[in-house]
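Coordinate analysis (summary)
Residue-level listing of the chains:
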Amino acid sequence: MRAILWGMTLLVFLCVTIPGIVTSVWAQGQNFAVLGKSSDDPNFIDVAAACALVALKQGDSCELLHCPGSANPRLQIYALQKALRSKRYDAFAISVTMSQPLASLLAEHPDMPIVTFDSPFDEANSHLSLAYVGPENIAFGRDLAKIAKKIKPNGGRIIIMTADHDPNLQERVMGVRKELSGDDTLSGNMPLQGENGWFESIRSPWYTGDSIQRTMDQLSFSFKELDVDVVLSVGHWPIVQPDVFRATVKPFQYKLKQQKVLMIAGVGNVSPKVQSLMDDNLVTGVVSINFPMIGQQLYQVMSAVVAGRSVQSETVIPNKTLFGR
C-alpha cells in the first residue's frame, strides 16, 4: 500500500514540475501556481506536492514554478513574469523574497488573484494579497528565542542568522529580539544591547545569502572567533544538509554537547538526520513548520478565491518546538 501511495505521490510531483504534463492532463480544471523562493528548497517542494495531491482529487492542478538555486529576488521575478505571460494559471501563491519588485510586476496584472504563503508582502504592499497561509512569523521568532531563554534564563551573547530583504525573516528576527528583551515596544531593527541580559555580537546578524557554504563559513567563524553563547538561525540554512553541519561543527562539538554554546534553528520537516543532530546534542532545539499543511490549505484558499467565495485574510499554521536531549 505504501508503495502505491508513494508511486501516486511521485506521479503528481512529476506532473507539477515538468512543463507540459499539467496542461495535457488537467487542462479542464483550474491551474494554480506555487512560487517559492527557490524550487530547489525542500520546504517549497513539500508545499507544492501537498497542494498538488489535494488539487488532483478535484480535477485541478498545482504546479511549483521553476526558480532554481539559492533564493534570489531577480530569479523569482523572472519566474513570475514567465508564468504570467503563459496565461496558464488561474491564481498564484507566492512566498515573497523582496516585496517592491514583485509588487511592481503584479501592478501590471491587477485582475490576477494572488495569495501569499510562508512570507507575506511587507505592509506597504500587503493589499496585493487576498490571503496569507503560513506561520505567524513574529511568533515563530519568539518560539526560537524561548528555547534560548529556557536554557540560559539570565541571558548571554547571541548571534542571529538570517537572510536579507525577506519580509518573513525580518519579522522572525523582530520576534527573537522582542522575546529576549522582554520589551514588545522594542524596535525589531535594533540589535540587543543588554536588554534582559542579552547582547548581540557585533557581527549579528549574519546574512547567509541562502548559501550553505556561506552559512558554514559563518558558523565556523562564530564558534572559533566569536565569544557567543547562542547561535540562532531563523531559517534552516545551518542544518538543511545535516551531514555538512556535523562535519563543520566537529572541531567545536564539545561546546555544543556541554551547552556552552546553543545551536537553535527554524526548520520545516524534522528529518531523521536532523533528529539525530538533536539526539547527539549538536542542535539544542528547533522550531518546525508544517509545510505540507501549508500546501493543503493553499489549495483550499486559491480554489475558493477563484470561485468567488470569501476567505480569511490569514490562515495561521502553528509552529512546533522540539528540544534535543
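Residues numbered from 1 in each chain as written. Predicted model: local features only at pLDDT ≥ 70, side-chain atom pairs only at ≥ 80, totals over all residues. Heavy atoms only, no water.

**A look at the packing of aromatic side chains**
- Enumeration according to the criterion identifies six aromatic pairs in this entry.
- Centroid distance Phe 44 to Phe 117: 5.9 Å. Interplanar angle 80 degrees. Geometry classified as edge-to-face. Highlighted residues: Phe 44 in helix α3 (residues 42-57) and Phe 117 in strand β4 (residues 114-117), separated in sequence by 73 residues. Across the pair, Phe 117 and Phe 44 agree in class, each one buried.
- Ring centres of Trp 206 and Phe 221 lie 6.0 Å apart, and the angle between their planes is 90 degrees; this geometry places the pair in the edge-to-face category. Here Phe 221 lies in helix α8 (residues 212-225) and Trp 206 lies in strand β8 (residues 206-207), a separation of 15 residues in the sequence.
- Among the residues examined, Phe 221 registers a relative accessible area of 30% and is labelled partly exposed.
- Aromatic rings pair up to connect Phe 44, Phe 117 and Phe 291 into one cluster.
- A cation sits over an aromatic face here: Lys 150 above Phe 323, 5.9 Å from the ring centre. (Phe/Tyr/Trp six-rings, centres within 6.5 Å; stacked < 30°, edge-to-face > 60°. Helix = DSSP H or I, 4+ residues; strand = E, 2+ residues; numbered from the N terminus. Buried < 20%, exposed > 50% of the residue type's maximum accessible area, 1.4 Å probe, protein only. Lys NZ or Arg CZ within 6 Å of the ring centre and 35° of its normal.)

**So, the nonpolar core**
- In this structure, Phe 117, Val 234, Ile 294, Leu 298 and Met 302 are the most contacted members of the largest nonpolar core, which totals 48 residues.
- Discounting chain neighbours no more than four positions away, the residues touching Val 234 are Phe 140, Leu 144, Ile 160, Met 161, Thr 162, Leu 169, Arg 172, Val 173, Val 176 and Gly 266.
- Ranked by size, the runner-up nonpolar core spans 24 residues in total, among them Val 228, Ile 239, Phe 252 and Ala 265. (Core = buried A, V, L, I, M, F, W, Y, C linked by side-chain atoms within 4.5 Å. Contact = heavy atoms within 4.5 Å.)

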